[in-house]
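Chain residues, written in single-letter form:
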Amino acid sequence: AQTVTQSQPEMSVQEAETVTLSCTYDTSESDYYLFWYKQPPSRQMILVIRQEAYKQQNATENRFSVNFQKAAKSFSLKISDSQLGDAAMYFCAYIWGGSRLTFGEGTQLTVNP
Amino acid sequence: GAVVSQHPSRVICKSGTSVKIECRSLDFQATTMFWYRQFPKKSLMLMATSNEGSKATYEQGVEKDKFLINHASLTLSTLTVTSAHPEDSSFYICSARDLDRDQIGPQHFGDGTRLSIL
């Protein structure tokens, strides 16, 4: 069974600094997709970034980038130039083929002014 | 982009009442929708997969008779919490995939329903 592990229940960062959120997963598949979702206090689920496993190049979306290590089954999210609006719960998620999304337990990110 | 609308956003009702939550895909057809439950500061827990025109697939431990799911059209799935009790109070979120636009994810989420049973 696929599992997603986020080992950091809470993280904090100073405004304008960089923070990295960790995520590891377990799968026997070779072609799958990984996502980071953001859930602010409004509880709306917002897609931050996605990575296709067959792509070696790490995905980047403005201040958000990932470090995808397929062999190590690691998928960390780096947030650069952190802003107060980045404060939220962040969920790492995995999907393969027609299966459903498997979420990690989440990391609560606090951004300090 | 694709949008999923969930209604209502907040429900407060008395114990024993049945509550219906709607999930609509606004600009795409969704043969499959998903219903999640989320406790405070916890991850999303998949309750069931809603399939258009057929029975929903429930996750282990989810009571089918308590959480009725109907997916009568390609754009609408409903979750009915029957005879709700305080322990059913939670945040419920639906999602759908636009398979015509993207074969593999991401799932598009509704804004959620906060259910409070008094």
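Above this text is the structure in question.
Here goes a summary of the coordinates provided. No experiment lies behind these values; they were computed from the predicted model shown.

1. With respect to the state of the cysteines
- Summed over all chains, the structure comprises two disulfides over all chains.
- Here C23 of chain A connects covalently by a disulfide to C92 of chain A, the sulfurs 2.0 Å from one another. Disulfide C23 of chain A to C92 of chain A: torsion about the S-S bond roughly -70°, handedness left-handed. One end of the pair, C23 of chain A, is in the loop between β3 (19–21) and β4 (24–26); the other, C92 of chain A, is in strand β10 (residues 88–95), with 69 residues separating them in the sequence. Of the two residues, C23 of chain A and C92 of chain A, both sit in the buried class.
- There is a disulfide in this structure between C23 of chain B and C94 of chain B, and the S-S distance comes to 2.0 Å. Because the sign of the S-S torsion sets the handedness, a value of about 85° for the bond joining C23 of chain B and C94 of chain B places this disulfide among the right-handed ones. Here C94 of chain B lies in strand β9 (residues 90–96) and C23 of chain B lies in strand β3 (residues 19–25), a separation of 71 residues in the sequence.

2. Re the interface of chain A and chain B
- Contacts between the two partners involve 20 residues from chain A and, on the opposite side, 22 residues from chain B.
- Approximately 1,800 Å² of surface area, both sides summed, lies buried where chain A meets chain B, with 56% of it carried by carbon and sulfur atoms.
- For the interface between chain A and chain B, the tally reads five residue pairs in polar contact (both at pLDDT 80 or more).
- Among the elements of the structure, β5 (33–39), β6 (46–52) and β10 of chain A are those that each provide at least two residues to the side of chain A that touches chain B.
- Broken down by element, the residue count for the side of chain A that touches chain B peaks at four residues, all from β5 of chain A.

3. Re the sheet that holds strand β1 (residues 4–7) of chain B
All names here are of chain B.
- The strand order β1-β3-β8-β7 describes an open sheet built from four strands, whose pairing is antiparallel. Where the open sheet ends on each side, the last strands, each with one partner, are β1 and β7 (67–73). Strand-to-strand, the axes of this sheet are offset by a mean angle of 15°, without reference to chain direction.
- With five bridges connecting them, β7 and strand β8 (residues 76–81) associate as antiparallel partners.

What counts, and at which threshold
- Residues numbered from 1 in each chain as written.
- Chains lettered and ligands numbered in written order.
- Predicted model: local features only at pLDDT ≥ 70, side-chain atom pairs only at ≥ 80, totals over all residues.
- Heavy atoms only, no water.
- Disulfide = S-S within 2.5 Å.
- Helix = DSSP H or I, 4+ residues; strand = E, 2+ residues; numbered from the N terminus.
- Buried < 20%, exposed > 50% of the residue type's maximum accessible area, 1.4 Å probe, protein only.
- Contact = heavy atoms within 4.5 Å.
- Buried area = accessible area lost by both parts, 1.4 Å probe.
- Polar contact = N/O pair within 3.5 Å; in protein donor to acceptor, adjacent residues only side chain to side chain.
- Pairing = 2+ DSSP bridges.
- Axes fitted to C-alpha atoms, helices over the stretch in contact; angles between N-to-C directions.

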